[in-house]
Amino acid sequence: MTMTSTVKAPEPAVPSARRRDTRRPSRFRPGAGKQLQGGPFAYIALAVVGIGSLLPLYWTLVAASHTQDEVLATTPPFLPGGRLLHNLDAAWNQAHLGKAIVNSFLVAGCITAATLFFCTLAGYAFAKMRFRGRGALMTGVIATLTIPPQLSVVPLFMMMSDIGWGGQLESVIFPTLVSAFGVFFMRQYLSEALPYELVEAAKIDGASNFRIVRSVVLPVARPAMMVLGMLTFVQAWNDFFWPYLALNQQNPTLQVALGQLSASYTPDQSIVMAGALISTLPLLVVFVIFGKRIVGGIMSGAVKG
């Protein structure tokens, strides 16, 4: 008895075009990754935002270049005048802004450097180090953000007086050497940008914790440090409430000195605006010098995968 084996006929070849159609459709549209083109609405929105952002600075320049009568007139001027240098000189001499600017640079620089150092260390510890009570400590740090700073003014003032720092720059620098926002900011950034494998590889090579921070953490954290440093410097430079209480007229920061210009019974608004313009110029210079690095740091941190 002979058995016949059935041979399955080969299926006809499916055209390549049909095979492509049966595949799972790609989630990327044609042209994905290309730079988007802005329409007229985008340009109009950007123009409105830009003009709105520059308008206060422009009005400060206009008011600082006129007399007080012209600034307070029914129809105020809209173009700069010819008294800018006179008002700048008057504000500089009346408020002794030279010493105030030096004090502000010293205070803002020390606070920024200390904040970057301590917040980076604390952020790395909370993000990548395992220790008991890490979650509870981080919750406590975040909880301090909900406490109004006005509640700590009286005990802080008494503490600075007992130490002997009343009226000194140390009373402004030391209470703000580290910020809860900075710790939380660096912790969130390092949690995503710093891989565990990189830290473990450094430990296997015998690196200490400080060596890991210097050689591994700091290069990764540089973009976030640039952003945090800029925010901290601007905040310390513009701080008025606590320096006004802690310092005196003989050793003021720039904002405290500007407050003295408007403390008289009838302050000259044009001179006050000239002093405000002087206080704004250093921030503009700092941003022009470091602005590209900050933006570049943000972008380099954004594309890490």
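(A) A look at the layout of surface pockets. By volume, the largest pocket amounts to about 1,100 Å³. Broken down by element, the lining of the largest pocket gets its largest block of residues, six residues, from helix H11 (residues 209-238). The class makeup of the residues in the lining of the largest pocket is 20 nonpolar, 11 polar and one charged. Reported here for the second largest pocket is a volume of approximately 250 Å³. Lining of the second largest pocket is provided by 11 residues; of these, Leu116, Met226, Gly229, Met230 and Phe290 occupy positions nearest its centre. Those elements that provide at least two residues to the lining of the second largest pocket are helix H5 (97-128), H11 and helix H14 (269-302). Per-element tally for the lining of the second largest pocket: the top contributor is H11, with six residues.

(B) Expanded view of empty space enclosed by the protein. One pass over the full model with this rule turns up one cavity of 30 Å³ or more. In this model, the largest cavity occupies a volume close to 30 Å³. What lines the largest cavity is Phe157, Met160, Ser161, Gly166, Gly167, Ser171, Trp242 and Ala246. Elements with a minimum of two residues in the lining of the largest cavity: helix H7 (153-163) and helix H12 (241-246). Residue contributions to the lining of the largest cavity peak at three residues, all from H7. Considered class by class, the residues forming the lining of the largest cavity number four nonpolar, four polar and no charged.

Reading guide: rules and limits
- Residues numbered from 1 in each chain as written.
- Predicted model: local features only at pLDDT ≥ 70, side-chain atom pairs only at ≥ 80, totals over all residues.
- Heavy atoms only, no water.
- 1 Å grid on protein atoms, 1.4 Å probe; cavity = no way out; pocket = protein on both sides within 12 Å on 5 of 7 lines; lining within 4 Å.
- Points joined across faces, edges and corners; volume = space filled by probe spheres on them.
- Helix = DSSP H or I, 4+ residues; strand = E, 2+ residues; numbered from the N terminus.
- Nonpolar A, V, L, I, M, F, W, Y, C, P; charged D, E, K, R; others polar.

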